[in-house]
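# Examination of the molecular architecture
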Amino acid sequence: GGCTMARRLLHAIVSVVALRPPQQRLRQPTRRPATVAQPTTTTVEVDLGDRSYPIYIGDGLLTEDAATASTYLQTHVKGSQVLIVTNEILDRLGYTQRTKAALEYGNSGLRVETLVLPDNEDEPSEATKTLENLGKITDYAIEKALDRKATFVALGGGVIGDMVGFAAACYVRGVDFIQIPTTLMAMVDSSVGGKTAVNSKGAKNMVGAFYQPVAVVADVGSLRTLPDRELASGVSEVIKYGLIRDAPFFEWLEQNIEKVLDRDSEALIETVEASCRNKAEVVALDEKEGGVRATLNLGHTFGHAIETKAGYGTYLHGEAVGIGTHMAAKMSRDLGWISDELFERAVALIDRAKVPIVLPLDTPLDVESFESIMAVDKKVADGLLRLILLKGELGNCVFTGEYDRKVLKETLEHFCDPENQSN
């Protein structure tokens, strides 16, 4: 036992030293030209007192080699057991093996279990975010005799992250978990801030907990295997940070959005870093969403209604949010709260993100369905629907129930009118 202890202690020291971004040259991924230097790894700290944690952002943190990946992962494992939970697609792409190799690297002595959840090709991934699948994770952990010191690793997009985070919060009343987000959406949004949940029959994320990870490892290298549509959905979510609180980032996106969509390494790192920094600041101010955190839901109240009515899977989250943000921006302009120019800039950028900005002609949505779904939104307080709307110069918004109800109705009517829909 003593020998293993000594080795683990030595390894821990080495790991801490190695936490500084590794210096060695990493294998150049196919998309990064040989002339381009390895981009630096950056760390964004989420400041939540004793539950603070780092978000490591770089290219190749996980995808290059086990030695590199081990420095970001092993440091955050305090016990001797790890459970990696992922899905079939990522498993087929070899990500599970890479993560396992990183955790076992250098005789770490960790026992690494893996659980690959099935991807049902016939139903959208949001439909897999259920209590039943949550039970599969906890049952597997029990079957493998994982104890309180175990660490869960969520390897995947937002659905895996939400589910594994919630499973970690529930298993023996709480075990550590590490997020390895593999979609842009998860990197910039769902992996930051500790909201975990599963869906119930009629409602999204209604059963869940606030539970923070011990670390997030965002390797933009994994975005090279992401389908274009999923990438665009993530970019749509990113635009909100510029609109609600970070004008310089919005302006940067206006210059660089095509680079991001082309998966340029530096542009992806900049995008993820700026998004995480913004979200981390907001979460540090308001972890449980009393006020300022709700502003991250720009376009989401309309967007959730679109997702719910169209049925999970018709739209990716960021696609529904693209339309929802257009709706919120139009309503803000019609209230006289923002200029025509800002409205047009916002819509133009969302359009360049390659997500829809209007409903299709065959949409099942009508004014009544918007109103009835929005009535059960988590932001309804005392029967009053509070919305996030843009107000003032670029980078400013309000979270309010004080707006002209007539303008809301007109906004819904406008977007439900076939005249303003696409085929």
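Preceding this paragraph is the structure being described.
Sequence order sets the numbering: in each chain, residues are counted from 1 along the sequence as written. Selection of residues for local features in this predicted model requires a pLDDT of at least 70, selection of side-chain atom pairs for listing and counting requires 80 or more, and totals for whole chains, interfaces and linings are taken over all residues. Side-chain metrics rest on all non-hydrogen atoms present in the structure, leaving aside hydrogens and water.

### Quick look at the packing of aromatic side chains
Formally: Aromatic rings from Phe, Tyr and Trp, taking only the six-membered ring of Trp, are treated as a pair when their centres fall within 6.5 Å; an angle between ring planes under 30 degrees marks them as stacked, one over 60 as edge-to-face, and anything in between as tilted. The criterion is that NZ of a Lys, or CZ of an Arg, lies within 6 Å of the ring centre and within 35 degrees of the ring normal, and then a charge sits over that ring.
A full pass over the atoms with the stated rule returns 4 aromatic pairs. One residue, Lys 240, lies across the ring of Tyr 241, its end atom 5.0 Å from the ring centre. Arg 333 extends its terminal NZ or CZ atom over the ring of Phe 343, reaching a point 4.3 Å from the ring centre.

### Remarks on the nonpolar core
The criterion, for reference: Here, nonpolar core means buried Ala, Val, Leu, Ile, Met, Phe, Trp, Tyr and Cys residues that are tied together by side-chain atoms lying within 4.5 Å of each other. Each residue's exposure class comes from its accessible area (1.4 Å probe, protein chains only) as a fraction of the maximum for that residue type: buried when under 20%, exposed when over 50%, partly exposed otherwise. Secondary structure is summarised from DSSP: a helix means a run of H or I of at least four residues, a strand means a run of E of at least two, and numbering begins at the N terminus for each. Contacts are residue-level and defined by heavy atoms, with any inter-residue pair within 4.5 Å sufficient.
One finds Phe 302 and Phe 370 to be the most contacted residues of the largest nonpolar core, which totals 84 residues. With 9 residues, the top contributor of residues to this core is helix H10 (residues 265-285). Apart from residues no more than four positions distant in its own chain, Phe 370 is found in contact with Phe 302, Ala 305, Ile 306, Met 327, Leu 359, Leu 365, Leu 412 and Cys 416. Membership of the second largest hydrophobic core comes to 23 residues, among which are Phe 152, Ala 167, Val 175 and Val 198.

### Topic: the sheet that holds strand S6 (residues 176-181)
As a reminder of what qualifies: Two strands pair if DSSP finds at least two bridges between them. Convention adopted: a line fitted to C-alpha atoms gives each axis, helices being fitted over their contacting stretch, and angles between N-to-C directions are expressed from 0 to 180 degrees.
Taking strand neighbours across the sheet as the criterion, the 7 strands line up as S1-S2-S9-S6-S5-S3-S4 in an open arrangement whose pairing is mixed. In the strand order of this sheet, the two ends are held by strand S1 (42-46) and strand S4 (111-117), each with one partner. Averaged over all pairs of adjacent strands, the angle between their axes in this sheet comes to 15°, without regard to strand direction. Bridge count for strand S3 (residues 81-87) against S4 is 7 bridges, and the pairing is parallel. What sits directly across from Thr 86, in S4, is Val 116. Across the sheet, helix H4 (residues 95-104) is in contact with S3, S4, strand S5 (151-156) and S6; its angle to S3 comes to roughly 165°. Across the sheet, helix H6 (residues 158-170) touches S3, S4, S5 and S6, and the angle it forms with S5 is around 170°.

### Here's the deal with helix H5 (residues 131-143)
Since the α-helix packs 3.6 residues into each turn, any two residues three or four apart lie on the same face. Stated precisely, the cut-off is as follows: To estimate how far a helix should reach, multiply one less than its number of residues by 1.5 Å. In this description, one arc is meant: the one made by directions from the helix axis to the C-beta atoms.
Spanning 13 residues, H5 covers 18 Å between terminal C-alpha atoms, matching the ideal 18 Å at 1.5 Å per step. Restricting attention to buried positions, one finds in H5 the residues Asn 133, Leu 134, Ile 137, Thr 138, Tyr 140 and Ala 141. Taken around the axis of H5, the buried residues stretch over an arc of 155°, which confines them to a single face. Turned more than 90 degrees away from the buried face of H5, the exposed residues are Leu 131, Glu 132, Ile 142 and Glu 143. A positive backbone phi angle near 55° is found at Ala 145, which sits one or two residues after H5.

### Looking at the environment of Gly 336
Its location among the elements puts Gly 336 in the loop between helix H12 (317-334) and helix H13 (340-352). Relative accessible area serves as the criterion here: at 60%, Gly 336 is assigned to the exposed category.

### Considerations on the packing of helix H14 (residues 367-374) against helix H15 (residues 405-416)
We count it as follows: Angles are sorted into four bins: roughly parallel if under 35 degrees, roughly antiparallel if over 145, roughly perpendicular if 65 to 115, and oblique for all others. Here a crossing is called left-handed whenever its near helix is offset anticlockwise from the far helix by less than a right angle, and right-handed whenever the offset is clockwise.
Two numbers describe how H14 lies on H15: the axes approach to 9 Å, and their chain directions differ by 130°. When the axes of H14 and H15 are compared, the pair comes out oblique. Here H14 and H15 pass one another in a crossing that is right-handed. Only Leu 408, Lys 409, Leu 412, Glu 413 and Cys 416 of H15 make contact with H14, whose side of the interface consists of Val 367, Phe 370, Glu 371 and Met 374.

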